[in-house]
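# Results of the structural survey
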Amino acid sequence: MTVLTIDLDALAGNYRIVAARAAPVPVAGVVKADGYGLGAAIVAQTLAQVGCDTFFVAVTSEAVALRPLLAAEARLFVLNGVAPGDEHALIAADAIPVLNSTGDVARWRTAAAEVGRTLKAAVQVDSGMSRLGLSDGEVAALADDPNALAGIEVVLVMSHLACGDAPDDPANSAQRARFAALADRLPPAPRSLGNSGGVFLGPDFHGDLVRPGIALYGAAPQEGRDNPMRPVIALDARIVQWRTVPAGTGVGYGLTSVADHDRRIATLSIGYADGWPRALSNVGAAYIGGVRAPIAGRVSMDSLCIDVSDVPAELLATATHAELIGPHQTIDTVAAQAGTIAYEILTQLGRRYARRILPVTGERNGACVS
Ligand SMILES: *Cc1c(COP(=O)(O)O)cnc(C)c1O
């Protein structure tokens, strides 16, 4: 079978690397989209083992699924706020919504009144990304209305960087300044700004809590800089069969790959239904025994072909798998070739793989927060 290897020791190690960078500021784990495709349960439990006690998911259903797997005292934030009708599910999951709009604030205030107790929330402000969070005017209105946050305990004030992965972009310092000014008008609470990129922008972007996602999963947190993270996943596709085709023979749908010489073509058990981008048709490669084998023809739903002409015959005779993500090409490389980002490669990882989980082996209590 095609095998997705998930190295939990590398995941734990990456948390420690980020924790060392952020220290003494604590590090939350962003585990939305099923832990960036790796599995929110194993990811959250691994992060908890190395000292993580605060988690972020995107939507209510993710919080409902994750809560039973977390320690009772772990904090679980829901980034996309209070979807209408989700109030009671959020309360039952002991989840803390991120209030992004005046609608969110009103729904959570009403829910608090209904249940007759104070409910915790984070408040997000828009510091320049124009995606989620209260605008300047909405923050002003909130600050001027003593009842707006009745029954709501603000435990975090946050915002999100649009360009955290671009260390030289002046938008970062502009957002930091605007965030500080907006947060000053809200009830006093710990502040959080930096995502993975923000962690590596330095302490000015750490606030009181950092929220890395992608760096924990091994992708480069910043463009154009060396990647300090350990790779967390490897993907090895099963070789279904191979054949020799004469010069002039087309390969795959549309016969888009034709060569003027004889070639050996191998077929791998992976396709776009497994999240291997169709944009990689005739682009990129797999590796067999470290030998590059270019993708030949279009990526199909369940299979793709590679040109294994350069792979020595004796190697090909015994090879069972071809590396698609691993020592010879990272998720960042594959993403760039497909015209996308590592986030999309990870979150689209398919459900048909054998998932091989490598356990945490390193020192268990070294959360490196000193
Ligand atoms: C997804 C997300 C993060 C994590 O971002 P990475 O770039 O993966 O580190 C942090 N904060 C918010 C609000 C997010 O949406």
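Definitions and cut-offs
- Residues numbered from 1 in each chain as written.
- Predicted model: local features only at pLDDT ≥ 70, side-chain atom pairs only at ≥ 80, totals over all residues.
- Heavy atoms only, no water.
- Helix = DSSP H or I, 4+ residues; strand = E, 2+ residues; numbered from the N terminus.
- Buried < 20%, exposed > 50% of the residue type's maximum accessible area, 1.4 Å probe, protein only.
- Contact = heavy atoms within 4.5 Å.
- Areas by Shrake-Rupley, 256 points an atom, 1.4 Å probe, with all protein chains shown as cover.
- Near = heavy atom within 4 Å.
- Polar contact = N/O pair within 3.5 Å; in protein donor to acceptor, adjacent residues only side chain to side chain.
- Nonpolar A, V, L, I, M, F, W, Y, C, P; charged D, E, K, R; others polar.
- Domains from an automatic or database assignment.
- Buried area = accessible area lost by both parts, 1.4 Å probe.
- Salt bridge = Lys/Arg side-chain N within 4 Å of Asp/Glu carboxyl O.
- Phe/Tyr/Trp six-rings, centres within 6.5 Å; stacked < 30°, edge-to-face > 60°.
- Pairing = 2+ DSSP bridges.
- Axes fitted to C-alpha atoms, helices over the stretch in contact; angles between N-to-C directions.
- Expected span 1.5 Å × (residues − 1).
- Parallel < 35°, antiparallel > 145°, perpendicular 65-115°, else oblique.
- Left-handed = near helix turned anticlockwise from the far one by under 90°.
- Core = buried A, V, L, I, M, F, W, Y, C linked by side-chain atoms within 4.5 Å.

## Regarding the overall build of the protein chain
Each helix and strand counted, the protein chain has 12 helices and 17 strands in total. Across its three principal axes, the protein chain shows a C-alpha extent of roughly 80 × 40 × 40 Å. Here the protein chain, with 370 residues, has 51% of them falling under the buried criterion. Pairs at least 24 residues apart make up 66% of the contacts formed inside the protein chain by residues separated by at least 6 positions. Looking at the protein chain as shown, the accessible area adds up to about 15,800 Å², and 53% of this sits on carbon and sulfur atoms.

## A word on the site of the ligand
The full set close to the ligand counts 14 residues, and K32, Y36, S196, G213 and Y343 are the nearest of them. For the ligand, an oxygen atom lies 3.2 Å from a polar atom in the side chain of R131. The separation between a nitrogen atom of the ligand and a polar side-chain atom of H160 is 3.4 Å. Residues of the shell around the ligand, tallied by class, amount to 7 nonpolar, 4 polar and 3 charged.

## Observations regarding the domain arrangement of the protein chain
Domain boundaries in the protein chain define domain 1 (9-217) and domain 2 (233-369). The interface is formed by 19 residues belonging to domain 1 together with 21 residues belonging to domain 2. Interface of domain 1 and domain 2: buried area, both sides summed, is about 1,600 Å²; carbon and sulfur atoms make up 56% of it. Viewed at the interface, domain 2 and domain 1 are joined by 0 salt bridges.

## With respect to the packing of aromatic side chains
Taken as a whole, this structure holds 3 aromatic pairs when the rule is applied. Here Y36 and Y343 contribute two aromatic rings whose centre-to-centre distance is 6.0 Å and whose plane-to-plane angle is 35 degrees, an arrangement assigned as tilted. Pair noted here: Y36 is in helix 2 (residues 32-36) and Y343 is in helix 12 (residues 342-347), with a separation of 307 residues, a long-range link. Relative accessible area serves as the criterion here: at 5%, Y36 is assigned to the buried category. In textbook terms, an aromatic cluster arises when at least three aromatic residues are bridged by ring pairs, as seen for Y36, Y217 and Y343.

## Section: the sheet that holds strand 7 (residues 152-158)
Pairing is parallel across the open sheet formed by 7 strands, whose spatial order is 2-3-4-5-6-7-8. Looking at strand neighbours, the two that pair on one side only are strand 2 (29-30) and strand 8 (191-192), the edges of this open sheet. Judged from the 2 bridges that link them, strand 2 and strand 3 (residues 54-57) form a sheet pairing that is parallel. For G29, the partnering residue across the bridge sits in strand 3 and is F55. Packing of helix 6 (residues 102-115) onto the sheet brings it into contact with strand 5 (96-99), strand 6 (119-124) and strand 7, and relative to strand 6 it is tilted by some 175 degrees.

## Re helix 6
Given a rise of 1.5 Å per residue, 14 residues ought to cover 20 Å, and the 20 Å separating the end C-alpha atoms of helix 6 matches this to within 8%. G116 occupies a position one or two residues after helix 6 and carries a positive phi of about 70 degrees.

## Comments concerning the pattern of salt bridges
Counted under the stated rule, the structure contains 10 salt bridges. Of the charged contacts, one joins R107 and D104 as a salt bridge, the two residues approaching to 3.1 Å between their closest N and O atoms. Pair noted here: R107 and D104 are both in helix 6, with a separation of 3 residues, about one helical turn. Taking the relative accessible area as the measure of exposure, D104 reaches 4% and is therefore buried.

## Brief notes about the packing of helix 1 (residues 8-22) against helix 3 (residues 40-49)
Packing of helix 1 against helix 3 leaves a shortest axis separation of 9 Å and a crossing angle of 50 degrees. If you check the angle between helix 1 and helix 3, you find them oblique. Considering how the two elements wind past one another, helix 1 and helix 3 form a crossing that is right-handed. On helix 3, the residues that touch L8, L11, A12 and Y15 of helix 1 are I42, V43, T46 and L47.

## A closer look at the environment of P212
Residue placement: P212 occurs in the loop between helix 9 (196-201) and strand 9 (233-245). According to the relative accessible area criterion, P212 is buried, its value standing at 0%. On a C-alpha basis, the gap between P212 and G29 in space is 6.1 Å, while along the polypeptide they are 183 residues apart. Apart from residues lying up to four places away in sequence, P212 is in contact with V18, V27, A28, G29, V30, N195 and S196.

## Looking at unusual backbone geometry
Of note, the amide linkage connecting A23 to P24 takes the cis form, showing an omega dihedral of 10 degrees. Turning to its location among the elements, P24 is positioned in the loop between helix 1 and strand 2. At N282, a position not held by glycine, the phi torsion is positive, near 60 degrees. Here N282 shows up in the loop between strand 12 (263-268) and strand 13 (285-288). N282 sits in the partly exposed class, given a relative accessible area of 36%.

## Observations concerning the nonpolar core
Buried together is how nonpolar side chains tend to be arranged in soluble globular proteins. Formed by 113 residues in total, the largest nonpolar core has its most connected members in W108, I233, W276 and I306. With 8 residues, helix 1 is the single largest residue contributor to this core. Summarising the domain contributions, this core has at least three residues from each of domain 1 (9-217) and domain 2 (233-369). Among all residues touching I233, those that are not within four sequence positions of it are L4, T5, I6, L38, I325, I331, L346 and L349. Within the second largest apolar cluster, 5 residues are counted, among which are V245, I265, A296 and C305.

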